[in-house]
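# Notes for the structure review
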Amino acid sequence: MLNFDFDSDYVLEDDYVRLSPLKLEYVEHLLSISNEPYLWTYMLEKGNGLDNLTEYVLSAINNRNSRKEYPFIVYDKVAKQYAGTTRLYEYSNKLRAIKLGHTWYGKLFRGTGLNKHCKYLLFEFAFEKLKLERIGFGAHAENKISIAAMKSVGCIKEGVLRNFIPSFDGKGRADIVLMSILKKDWEDKVKIELKDKLNIKI
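Anyway, here's the lowdown on the structure attached to this text. (Residues numbered from 1 in each chain as written. Predicted model: local features only at pLDDT ≥ 70, side-chain atom pairs only at ≥ 80, totals over all residues. Heavy atoms only, no water.)

For the rest of this paragraph, the subject is the overall build of the chain. The secondary structure content of the chain amounts to 5 helices and 8 strands. For a compact globule of 202 residues, the expected C-alpha radius of gyration is about 17 Å, and the chain comes in at 16 Å, within 12% of that figure. On the principal axes, the C-alpha backbone points of the chain span a range of 45 × 40 × 35 Å. A sequence separation of at least 24 residues applies to 59% of the contacts in the chain between residues at least 6 apart. Accessible surface computed for the chain: about 11100 Å², of which carbon and sulfur atoms make up 50%. Averaging the coordinates of the 32 positive side-chain charges in the chain and doing the same for the 27 negative ones gives two points 4 Å apart. (Helix = DSSP H or I, 4+ residues; strand = E, 2+ residues; numbered from the N terminus. Rg over C-alpha atoms; globule rule 2.2 N^0.38 Å. Contact = heavy atoms within 4.5 Å. Areas by Shrake-Rupley, 256 points an atom, 1.4 Å probe, with all protein chains shown as cover. Lys, Arg positive; Asp, Glu negative; His and termini not counted. Charge placed at Lys NZ, Arg CZ, Asp CG, Glu CD.)

The largest bend in helix 5 (residues 183-198) is about 50 degrees, located at lysine 189. Looking only at helix 5, the buried set comprises Lys183, Trp186, Val190, Leu194, Lys195 and Leu198. Its buried side turned inward, helix 5 meets helix 3 (114-129) and strand 8 (173-182). Of the residues trailing helix 5, asparagine 199 is marked for its positive phi of about 60 degrees. (Bend = angle between axes of the 7 residues up to and from the residue. Buried < 20%, exposed > 50% of the residue type's maximum accessible area, 1.4 Å probe, protein only.)

Ranked by internal contacts, the top residues of the largest apolar core, which has 58 residues, are Phe4, Leu19, Leu88, Trp104, Phe123 and Phe137. At 9 residues, the largest contribution of residues to this core is made by helix 3. (Core = buried A, V, L, I, M, F, W, Y, C linked by side-chain atoms within 4.5 Å.)

Taken as a whole, the largest pocket encloses approximately 1400 Å³ of empty space. Looking at the largest pocket, it is lined by 48 residues, and the ones nearest its centre are Met43, Thr103, Gly138, Asn143 and Ser146. If you list the elements that add at least two residues to the lining of the largest pocket, you get strand 4 (81-92), strand 5 (97-105), helix 3, strand 6 (134-140), helix 4 (144-152), strand 7 (156-166) and strand 8. When residues in the lining of the largest pocket are grouped by element, the largest group, 7 residues, is from strand 5. Across the lining of the largest pocket, the residue classes tally to 24 nonpolar, 14 polar and 10 charged. (1 Å grid on protein atoms, 1.4 Å probe; cavity = no way out; pocket = protein on both sides within 12 Å on 5 of 7 lines; lining within 4 Å. Points joined across faces, edges and corners; volume = space filled by probe spheres on them. Nonpolar A, V, L, I, M, F, W, Y, C, P; charged D, E, K, R; others polar.)

Looking now at the pattern of salt bridges. Considering all chains together, one arrives at 10 salt bridges under this definition. With a closest N to O distance of 2.7 Å, aspartate 7 and arginine 67 form a salt bridge. In this pair, aspartate 7 is assigned in the segment before strand 1 (12-13) and arginine 67 in the loop between helix 2 (50-65) and strand 3 (69-76), connecting sequence segments 60 residues apart. Owing to a relative accessible area of 42%, arginine 67 belongs among the partly exposed residues under this scheme. Residue glutamate 158 is joined to arginine 134 by a salt bridge in which the shortest nitrogen-to-oxygen separation is 2.8 Å. Here the residue glutamate 158 occupies a position in strand 7, and arginine 134 occupies one in strand 6, the gap between them amounting to 24 residues. We classify glutamate 158 as partly exposed; its relative accessible area is 43%. (Salt bridge = Lys/Arg side-chain N within 4 Å of Asp/Glu carboxyl O.)

Turning to the environment of alanine 141, a few remarks are in order. Along the chain, the position of alanine 141 falls in the loop between strand 6 and helix 4. C-alpha of alanine 141 to C-alpha of arginine 162: the two residues are 21 residues apart in sequence and 9.4 Å apart in space.

Next up on the list: unusual backbone geometry. With the exception of glycine, most residues fall at negative phi, and the peptide bonds are largely trans. The phi dihedral of glutamate 90 is positive, around 50 degrees, even though this residue is not glycine. Inspection of the secondary structure assignment puts glutamate 90 in strand 4. Classification of glutamate 90 as partly exposed rests on a relative accessible area of 48%.

A few words now on the side chain of glutamate 69. Mapped onto the elements of the fold, glutamate 69 is located in strand 3. By relative accessible area, glutamate 69 is classed as buried at 10%. There is a polar contact of 2.8 Å between the side chain of glutamate 69 and the side chain of arginine 87. In this structure glutamate 69 touches Phe6, Ala60, Asn63, Arg64, Arg87, Leu88, Tyr89 and His102, once residues within four positions along its chain are discounted. (Polar contact = N/O pair within 3.5 Å; in protein donor to acceptor, adjacent residues only side chain to side chain.)

Function-wise, these values are silent; they only describe arrangement.
Now the structure itself:
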């Protein structure tokens, strides 16, 4: 059983994508993507514009130093461009559980299979290297695209946190949809199904 080491520079990659630790120097590579309209609609943190993006990246790095989160930058090896970021967080060695989220990609990288490649690598890392039992996910209830993307990689809906966060329009509250993948799900079918979707040889 391997414990998650926040000090290690984990690099996860295949022939299509590479995930490596997020660093401040990557701000310039993400700036144009971060300014795309609607990207931050369903996120509490905002990373649009140089100041916001710099603060966003610094916050993620500080949270890694505090052992709270482990942020990755995503590089599309086919397009030879940085595509966005994703993050592991709320790791519990005792519970053998972790959460995966804070994921965003530029519009050119959505619907290309990049997200499925990233999720495959992260699932493999969590279940086969770290020997975790559970990966949790959450999404704004109105974020239908994100919820559909989670379902497409094998996530199972568990429930709803009602009125969990303030509504983004400043009126009332909003729900969060909870989803997860268990080690058993991964071993029984998710790994095989993702391999098939990505045309990865077993």
